[in-house]
Amino acid sequence: MKLLYLSTWDFSNEKSDGVCKKIYAQVHVFEKNGFEVDMIYIKDGLVIYKGGGSKKAIGKVDNIKKTPAYFQMYNFLKNKKYNWIYNRYGMMDTFYYQVLKQLRKNGAKILVEIPTYPYKHEKPKGFFYSLLFAWDQSYIHKLKKVFDRVITYSRDDYIFDIPTIQVVNGINISDIALAEKNGNILDDTINLLVVAYMQPYHGYERLLRGLKNYYANCGKRNIQCHFVGEGPEKALYERLVNQYELSDHVIFYGILSGRKLDDVFNICDIGICTLGGYKKELYLSSELKSREFLARGLPIVSGIEIDVFVNKNTQYYLQLPNDETDIDMIRIIHFYDKIYSKQGNAGEVRKAVRSMAEKYIDMSVTMLPVIEYIRKE
């Protein structure tokens, strides 16, 4: 069967972009299950079509990437036939809808993955984006005419009046190195790791306020917070570190990749996931950063319920309140002590967490509901 993976995601930084890695992993799963897979995506200002063992540019895009890309896609795809389309959802517009409508007319069944639902709180601020969002919303009632199923990480049975296939977010675990820290590390230092494009909904100001409170109340443990990445909220976090006099406990690295990123993972003990989901009314998370932490062998702390652990008991996951309260550092210290004192060896903790990740979040496992649906059709 022929399948087209249709996306307007920008692959210009594909080596360090988690979404690019995820898309490639999904393509790999489809190929392992017997599909002939073509791809469309954006890279370096071009719309790229990859199929038949080669790839080529089919058009150019400017700063406003998606609408011009859909126009180019329509002209290129209007006479092509596929059994299935797997579409990573972008903001709907007239050209996007026409692409899907034509592919369906040509005989394809279409699955759409909506990474975050509801997505209204991810809309950037500004009049222009408000217009794009309104354009998207004007097509909602038509989507059941082009989509057969919605792939969702939420627990919605229907989205846009379309039946869903509920999955959890997955990654290709074999592509991710296990953190290498070994030996008995139960001591007075706890290394916490943040890896993110820092945005308001990440809520890491809660962590910094909690750290301030801990030391204001004569906390004795040495807690080191390692921040990897950039983003609009980084300036706020740096300002809070200075205001709270936490420079001895917080390190900002900027964007890291490759061996430099591995080195930071190797010295850290716990991964800190999103702490501000309440800001966009998000109460169940399938975020990729939680997957990478687990694949690396790090226990995780989150301010949102992580979908992988719904109705599952695990000692390697601590869920904190999903609100604006300061993080209680005592809970994180107890979490750390319980894990590492019980195992006694950091290497064993890494292996145990990695084994759990392989069982629950490898892409070959998480994509099974989609593969099974296609096989039944």
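For clarity, every value in this text was computed on a predicted model and none was experimentally measured. (Residues numbered from 1 in each chain as written. Predicted model: local features only at pLDDT ≥ 70, side-chain atom pairs only at ≥ 80, totals over all residues. Heavy atoms only, no water.)

(A) Here's a closer look at the overall build of the protein. When you go through the protein residue by residue, the secondary structure sums to twelve helices and 17 strands. Each of the three principal axes of the protein carries a C-alpha extent, and together these read 70 × 45 × 35 Å. Burial analysis of the protein (377 residues in total) assigns 53% to the buried set. Working note: accessible area of the protein is about 17,300 Å², and carbon and sulfur atoms make up 49% of it. (Helix = DSSP H or I, 4+ residues; strand = E, 2+ residues; numbered from the N terminus. Buried < 20%, exposed > 50% of the residue type's maximum accessible area, 1.4 Å probe, protein only. Areas by Shrake-Rupley, 256 points an atom, 1.4 Å probe, with all protein chains shown as cover.)

(B) Local environment of the pairing of strand β5 (residues 84–88). Most of β5 is tucked away: five of the five residues are buried. Across the two faces of β5 the burial is the same, with Trp84, Tyr86 and Arg88 and Ile85 and Asn87 all buried. Bridging between strand β1 (residues 2–10) and β5 involves four bridges; their strand directions are parallel. Its bridge partner being in β5, leucine 4 is matched across the sheet by isoleucine 85. The pairing of β5 with strand β6 (residues 109–114) spans five bridges and is classified as parallel. Considered in β6, the bridge of isoleucine 85 is made with isoleucine 110. (Pairing = 2+ DSSP bridges.)

(C) Layout of the sheet that holds strand β11 (residues 222–228). The six strands lie next to each other as β12-β11-β10-β13-β15-β17, forming an open sheet whose pairing is parallel. Whereas interior strands pair on both sides, the edge strands pair on one side only; in this sheet they are β12 (250–254) and β17 (317–319). Strand-to-strand twist across the sheet, computed as the mean angle between neighbouring axes with direction ignored, equals 20°. Bridge analysis of strand β15 (residues 300–302) against β17 gives three bridges, and the strand direction is parallel. Residue pairing for β17: isoleucine 300 is matched across the bridge by tyrosine 317. Sitting on the sheet, helix α5 (residues 205–216) is in contact with β10 (189–195), β11 and β12, with an inclination near 160° to β11. (Axes fitted to C-alpha atoms, helices over the stretch in contact; angles between N-to-C directions. Contact = heavy atoms within 4.5 Å.)

(D) Spotlight on the nonpolar core. With 62 residues, the main nonpolar core has Leu192, Leu193, Leu207, Phe227, Met329 and Ile332 as its most contacted residues. Counting residues per element, this core draws most heavily on helix α9 (residues 329–343), at seven residues. With sequence-adjacent residues up to four places away left out, leucine 192 is seen in contact with Leu207, Ile223, Gln224, Cys225, His226, Cys268, Ile270, Ile272, Met329 and Ile332. Formed by 36 residues, the second largest nonpolar core is a distinct cluster that contains Tyr119, Val146, Val150 and Ile162. (Core = buried A, V, L, I, M, F, W, Y, C linked by side-chain atoms within 4.5 Å.)

(E) Quick look at α5. Over its twelve residues, α5 runs 16 Å from end to end, which matches the ideal 16 Å to within 8%, given 1.5 Å per residue. All buried positions along α5 are accounted for by Glu205, Arg206, Leu207, Leu208, Gly210, Leu211 and Tyr214. Of the residues one or two after α5, cysteine 218 is the one with positive phi, at around 65°. (Expected span 1.5 Å × (residues − 1).)

(F) Main features of empty space enclosed by the protein. As enumerated under the stated definition, the model contains one cavity of 30 Å³ or more in all. Of the volumes computed, that of the largest cavity is approximately 40 Å³. Considering the residues around the largest cavity, the lining is formed by Lys22, Gln26, Tyr86, Glu113, Tyr153, Val167, Val168, Asn169, Gly170, Met363, Thr366 and Met367. The set of elements that each furnish at least two residues to the lining of the largest cavity consists of α1 (18–32) and α11 (363–366). Here the residues of the lining of the largest cavity sort into six nonpolar, four polar and two charged. (1 Å grid on protein atoms, 1.4 Å probe; cavity = no way out; pocket = protein on both sides within 12 Å on 5 of 7 lines; lining within 4 Å. Points joined across faces, edges and corners; volume = space filled by probe spheres on them. Nonpolar A, V, L, I, M, F, W, Y, C, P; charged D, E, K, R; others polar.)

Treat this as a map of the structure, not an account of what it does.
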